[in-house]
Amino acid sequence: EGECVTSATARAYPNIALVKYWGKADEKLIVPVAGSLSMTLDDFPTTTTVTLTDGGDTFRLNEVDHDGTSADRVTVFLDLVRSLAVDAGLDTAHLSARVVSTNEGPTAAGMASSASGFAALAVAAASAYGLDLDTRELSRLARRGSGSASRSLIDRFAVWHAGDDESSYAEAVSAPDMAMVAVPVATGEKAVSSRQGMIATAETSPFYPAWITSTQETLTEMIAACERGDVTTIGELTENHAIRMHALIASCRPSIRYLNPTSIAVFDEIAAMRQEGVEAYATADAGPNVFALTRPELAHIVADRLVGFTKDNEAKILMPGQGAHLIDGAS
Ligand code: PMV
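Fair warning: this is a prediction, and the values are worked out from it, not measured in the lab. (Residues numbered from 1 in each chain as written. Predicted model: local features only at pLDDT ≥ 70, side-chain atom pairs only at ≥ 80, totals over all residues.)

**Student:** Would you mind going over the sheet that holds strand 8 (residues 64-66) with me for this structure?
**Tutor:** By way of backbone hydrogen bonds, the strands of a sheet pair with one another, either parallel or antiparallel. Strands sit in the order 8-7-9-6-1-16 across an open sheet of six strands; the sheet is mixed. Looking at strand neighbours, the two that pair on one side only are strand 8 and strand 16 (325-327), the edges of this open sheet. Each strand axis lies, on average, 30 degrees off the axis of its neighbour in the sheet, ignoring direction. Bridge count for strand 1 (residues 7-12) against strand 16 is three bridges, and the pairing is antiparallel. Bridge pairing in strand 16 places threonine 9 opposite isoleucine 327. (Pairing = 2+ DSSP bridges. Helix = DSSP H or I, 4+ residues; strand = E, 2+ residues; numbered from the N terminus. Axes fitted to C-alpha atoms, helices over the stretch in contact; angles between N-to-C directions.)

**Student:** Explain the pairing of strand 14 (residues 290-294) here, please?
**Tutor:** Regular strands place side chains that alternate from one sheet face to the opposite one. Burial within strand 14 is extensive, with five of its five residues counted as buried. What you see with strand 14 is no split at all: Val290, Ala292 and Thr294 on one side and Phe291 and Leu293 on the other are buried throughout. Direction of pairing for strand 12 (residues 179-183) relative to strand 14: antiparallel, over a ladder of five bridges. Looking across to strand 14, one finds that valine 181 is bridged to alanine 292. Bridge analysis of strand 13 (residues 280-284) against strand 14 gives five bridges, and the strand direction is antiparallel. Pairing of alanine 282 across the sheet is with alanine 292, part of strand 14. Connecting strand 13 to the antiparallel partner strand 14 that follows it, the hairpin turn spans five residues. (Buried ≥ 20, exposed ≤ 12 C-beta atoms within 10 Å, placed from the backbone.)

**Student:** What's the story with the sheet that holds strand 5 (residues 36-40) in this structure? I'm lost.
**Tutor:** Read across the sheet, four strands follow the order 2-5-10-11 without closing on themselves; strand pairing throughout is antiparallel. Strand pairing shows two members of the sheet lacking a second neighbour, strand 2 (15-19) and strand 11 (170-172), which therefore form its edges. On average, adjacent strands in this sheet sit at an angle of 35 degrees to one another, irrespective of strand direction.

See the structure below:
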């Protein structure tokens, strides 16, 4: 009534896939062609406050008001939340939302900002609109914003199931403690969005069917390796699957490439370290930044070795982090 504002704040962290998601079975519902597996990080959070208003949706990211594509994606997502509110018979369903986000990682440069962004938005918006959703339902909801966001609902390690709208959600998988060393080599926005890249891959790569079947096999092997705590197999599968994804993407017509020469140099350096007995494995998403997966006790050695390749002379060590959650609005 009048002065009474409904507001909720949530925090979510990016996740880095060890088995990658690349390709949709359903473009609108964002159901993937194969499952994937990731580690949720413990830094680079997105913090999002959703406040219900009757003045139209607005989106502010890192102190800048947005309209255009990113604001449209927020509004489309809020429409979905409002349709759930209608189904639940909530009188908030007709309200619009003021969305204010702070992103502590570089946006749209392969640092999974869309994952932390939509996971935080799902949790904050569901709460502000008064929906009572469990983690599985929140994961399905976050998925509709950005596929990989489904995994940022989950603590530590998550497997995101393929399937259909009902069955495609992320849940926890047990895995040993591992560190991710972030090697940001560039912070500019990427040239081809993951959405466009996935469409191009499905339409033009002759290797796409083999990617789908081999990813399913890799996921089965990866889950088994995680459950038995086999860091060496986890690392080998992680690096190989990332290289397969980038090879698949390169096989598009016209070809797409997210890695730059520095990214390749980092992959080579990580392979050289392994030769010397320092166990680390490389991965990269739809951008040039590389992540080195390693054992926690080796993380400082790996970071020191890779810091020279980074853009800002910082190779941050990340550990398994918390799934998206509500926080006190003031912080
Ligand atoms: O969630 P999206 O649409 O940003 O796609 C993410 C795709 C990769 O980051 C390249 C792989 C993954 O599984 O996170």
